[in-house]
Amino acid sequence: MKPFFKEILLTFADILASFRFSLKNNVNAVYKPILAGMFSFSIVFSGIYITASRNLAIKQIKANISQTISYLNEFGLDVAYDNIEFNSMMFYPLVKIENLKFYSVTSLNDWAIKFKTVKAYPNLIGTQRIRFTPTDGGTFTFNEFSSDMTSEETFLDIITKKSKFDELIFHTENINIKDFAKIEKAVFLIKSENTPEVASFTTPSYTSMFEVNNVKINGLVDYPLSSNLKLIYAKANIMGKIIPDELAKVSLENWILHGGLIDVPNIILQWEPLTLVGRGDISFSENFSPRIYFNTSSKGLLTLLNDLQKREVLDSSNVFIANIMLKNKAYKINDDDEELTISTPIGYADKILTIENLPLKDFTK
C-alpha cells in the first residue's frame with residue numbers, strides 16, 4: 001500500500017506544479033503589456049510633471065529677479081551679470097549665470113563679490129527648494145584691493161511653501177580670499193514662522209541664525225583687531241510681521257511703525273583677546289539707523305579697549321574713564337584666569353558706540 005500512495009502523491013505533486021507553471025505563464029502573458037504600459041505612462045507623466053515644475057520655477061525666478069534687484073537698489077546695492085540661461089530639461093541646470101556680481105553703489109567703501117559661474121538646480125520632484133551653487137571660484141574687491149576667491153561646499157537654498165518664501169539657507173566652507181583671509185565655515189539661516197495676520201512685537205515672524213568659524217586674517221593687513229577670529233555666533237528673532245510691498249523701505253517702515261524689532265537671545269564672540277557672550281535687541285529709527293543694546297559678560301574687554309586706544313581707534317579720554325568704571329566691577333571667575341570677567345551694557349545708536357553709556361567712538365567723525 002505504501003508504494004501505491006507514494007505514487008499517487010508524486011503524481012498529484014506533478015499536476016500541481018504543472019498547473020502553477022501554466023498559471024504563471026498565463027498571468028505574465030496577460031499582465032506584461034499592462035505593466036509595460038503603466039511603466040511607460042509613469043515615465044512620460046513624470047517627465048511632463050518635472051518639465052512643467054521646472055518651467056513654473058523658471059517663471060517664478062524671472063518674476064523675482066527684477067523685484068530683488070529693485071530691493072537691493074533701495075539699500076545701495078546692485079547686481080550685474082554677463083549672461084543668464086534657463087533650461088527646463090531634467091538633469092540640466094535650471095539657471096546658469098555667467099560672471100554674477102554683487103556690489104555697492106553708494107557706500108563710502110567700494111566692494112564687490114564676483115562669481116565666475118552660478119548654477120541653480122530644483123528638487124528632482126517638485127520645486128519647493130532651489131539650490132544656487134557657485135563654481136570656478138570668483139573675485140573679492142575692496143576699494144583698491146582685489147583678490148581671487150575660492151570655496152568649498154558653498155550653496156544658497158531658497159525654500160518656498162505655497163509660492164511664498166519659507167526658508168533661506170547659506171552655507172560655505174574653506175573660503176580662501178588670496179592675500180586677505182581664510183574662513184573655515186560660514187552659515188546663515190532665516191526661516192519664516194507661522195504668525196497671525198496681525199502680529200505684535202512680541203510675536204516672531206522670522207527666526208534666524210548666523211555663525212562664522214575660524215577666520216584667519218592676513219597678518220600684513222592693517223586691521224585694528226587681532227588676525228584670529230575664532231567664532232561669531234548669533235541667534236535672532238524678527239519680532240512683528242513684515243508685510244511685503246513693492247518698495248522694501250515701505251515694508252520696513254510699516255514694520256518699524258508697528259513696533260518691529262530684532263530680539264537677540266544669544267550672541268557669542270571669540271576674537272582675540274576678547275571673549276564675549278550676551279543678549280539684547282536691535283531696533284531702528286525712522287531713517288533705518290540701528291539702535292543696539294546688549295547686556296554682556298566678557299573676558300579681555302579691558303585689553304581690547306587699550307589696544308584700540310593705542311591704535312587711535314577709540315577716544316583716549318573716554319577709554320581712560322571706561323577703564324576706571326570697568327575695573328571697579330571686574331572680577332576673576334577662577335584664580336588662574338589671566339583676564340578679568342566684566343558684566344556691562346554695550347550700545348550703539350546714532351552712529352555712536354557706548355559702554356556703560358559712555359561714548360567711546362563716534363563713527364560720524
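So, a few notes on the structure that sits alongside this text. Just so you know, these numbers come straight off a predicted model, no measurement behind them.

Okay, the environment of glycine 280 next. Looking at the secondary structure, you find glycine 280 in strand S12 (residues 274–284). C-alpha of glycine 280 to C-alpha of aspartate 263: the two residues are 17 residues apart in sequence and 6.4 Å apart in space. Not counting residues within four places of it along the chain, the set of residues in contact with glycine 280 comprises Ile262, Asp263, Val264, Tyr293 and Phe294.

Before going further, it helps to examine the packing of helix H3 (residues 301–310) against helix H4 (residues 316–327). Think of two packed helices as two axes; the pair is described by the angle between the axes and how far apart they sit. Packing of H3 against H4 brings their axes to within 10 Å, and their N-to-C directions diverge by 170°. By the angle class used here, H3 and H4 are roughly antiparallel. Along the contact surface, H3 presents Leu301, Leu302, Leu305, Asn306 and Gln309, while H4 presents Ser316, Val319, Asn323, Leu326 and Lys327. Split by residue class, the contact of H3 with H4 holds five nonpolar, four polar and one charged.

Before going further, it helps to examine the pairing of strand S14 (residues 341–349). In terms of strand pairing, strand S13 (residues 290–299) meets S14 through eight bridges, oriented antiparallel. Within S14, the position partnered with lysine 299 by the bridge is threonine 341. The antiparallel hairpin formed by S14 and strand S15 (residues 352–355) contains two residues in its connecting segment, where aspartate 350 sits at a positive phi of about 55°.

Here we come to H3. Think of an α-helix as turning once every 3.6 residues; residues three or four places apart then point the same way. Looking only at H3, the buried set comprises Leu301, Leu302, Leu304, Leu305 and Leu308. Considered in projection along H3, the buried side chains sweep an arc of 160° and stay on one side of the axis.

All right, on to a nonpolar patch on the surface then. A contiguous nonpolar patch, built from Phe320, Ile321, Ile324 and Met325 and spanning about 360 Å² of accessible area, is present on the exposed surface. Note on placement: isoleucine 321 falls in helix H4. Classification of isoleucine 321 as partly exposed rests on a relative accessible area of 38%.

Turning to the pattern of salt bridges, a few remarks are in order. Under the defined criterion, the tally for this structure stands at six salt bridges. Residue arginine 279 is joined to aspartate 263 by a salt bridge in which the shortest nitrogen-to-oxygen separation is 3.7 Å. A residue pair is termed long-range when its members are at least 10 positions apart, and arginine 279 in strand S12 and aspartate 263 in strand S11 (residues 261–271) qualify at 16 residues. Beyond isolated ion pairs, a larger network of salt bridges with shared partners links Asp166, Glu167 and Lys191.

With that settled, the discussion passes to the nonpolar core. Generally speaking, nonpolar side chains in soluble globular proteins are found buried as a group. In terms of nonpolar packing, the biggest core is built from 24 residues, with Leu274, Leu301, Leu305, Leu314, Leu326, Ile355 and Leu360 touching the most fellow members. Mapped by element, the contributors of at least two residues to this core are strand S9 (204–217), S11, S12, H3, H4, S14 and strand S16 (358–362). Of all the elements, H3 adds the most residues to this core, at five residues. Excluding its chain neighbours within four sequence positions, the residues that come into contact with leucine 314 are Leu305, Leu308, Val319, Leu360 and Lys361.

Generally, phi is negative for residues other than glycine and the peptide bonds are trans, each holding for most cases. With omega at 5°, the peptide bond leading from glutamate 272 into proline 273 counts as cis. Along the chain, proline 273 turns up in the loop between S11 and S12. The backbone phi angle of asparagine 143 is positive, close to 55°, even though this residue is not glycine. Residue asparagine 143 is classed as partly exposed on the basis of its relative accessible area of 34%.

On to the environment of alanine 322, then. By the element assignment, alanine 322 lies in helix H4. Along the backbone, alanine 322 and threonine 354 are 32 residues apart, and their C-alpha atoms lie at a distance of 9.8 Å.

Now for H4. The end-to-end C-alpha separation of H4 is 16 Å, in line with the 16 Å expected for 12 residues at 1.5 Å each. Along H4, the residues that are buried comprise Asn318, Val319, Ala322, Asn323 and Leu326. Looking straight down H4, one finds its buried side chains confined to an arc of 145°; they lie on one side. Taken together, the buried residues of H4 touch H3, S14, S15 and S16.

Right, let's talk about the packing of aromatic side chains for a bit. Applying the stated rule across the entire model yields six aromatic pairs. Judged by centre distance (5.6 Å) and plane angle (35°), the ring pair of phenylalanine 140 and phenylalanine 180 falls under tilted. A residue pair is termed long-range when its members are at least 10 positions apart, and phenylalanine 140 in strand S5 (residues 129–142) and phenylalanine 180 in the loop between strand S7 (164–177) and strand S8 (181–192) qualify at 40 residues. Residue classification places phenylalanine 180 among the partly exposed residues on the basis of a relative accessible area of 28%. Summarising the aromatic geometry, the rings of phenylalanine 165 and tyrosine 206 are spaced 6.3 Å apart at their centres and angled 40° between planes, so their arrangement reads as tilted. Taken as a pair, phenylalanine 165 in strand S7 and tyrosine 206 in strand S9 lie far apart in primary sequence, 41 residues in all. The partly exposed category is assigned to phenylalanine 165, whose relative accessible area is 34%. With relative accessibility at 18%, the residue tyrosine 206 sits in the buried group. Counting every residue linked through ring pairs, the aromatic cluster contains Phe140, Phe145 and Phe180. Positioned above the aromatic ring of tyrosine 103, the side-chain terminus of lysine 101 is 5.1 Å from the ring centre.

How each quantity is defined
Residues numbered from 1 in each chain as written. Predicted model: local features only at pLDDT ≥ 70, side-chain atom pairs only at ≥ 80, totals over all residues. Heavy atoms only, no water. Helix = DSSP H or I, 4+ residues; strand = E, 2+ residues; numbered from the N terminus. Contact = heavy atoms within 4.5 Å. Axes fitted to C-alpha atoms, helices over the stretch in contact; angles between N-to-C directions. Parallel < 35°, antiparallel > 145°, perpendicular 65-115°, else oblique. Nonpolar A, V, L, I, M, F, W, Y, C, P; charged D, E, K, R; others polar. Pairing = 2+ DSSP bridges. Buried < 20%, exposed > 50% of the residue type's maximum accessible area, 1.4 Å probe, protein only. Arc of directions from axis to C-beta. Patch = residues over 30% accessible without salt bridge, like charges linked within 9 Å, V, L, I, M, F, W, Y side chains within 5 Å. Areas by Shrake-Rupley, 256 points an atom, 1.4 Å probe, with all protein chains shown as cover. Salt bridge = Lys/Arg side-chain N within 4 Å of Asp/Glu carboxyl O. Core = buried A, V, L, I, M, F, W, Y, C linked by side-chain atoms within 4.5 Å. Expected span 1.5 Å × (residues − 1). Phe/Tyr/Trp six-rings, centres within 6.5 Å; stacked < 30°, edge-to-face > 60°. Lys NZ or Arg CZ within 6 Å of the ring centre and 35° of its normal.

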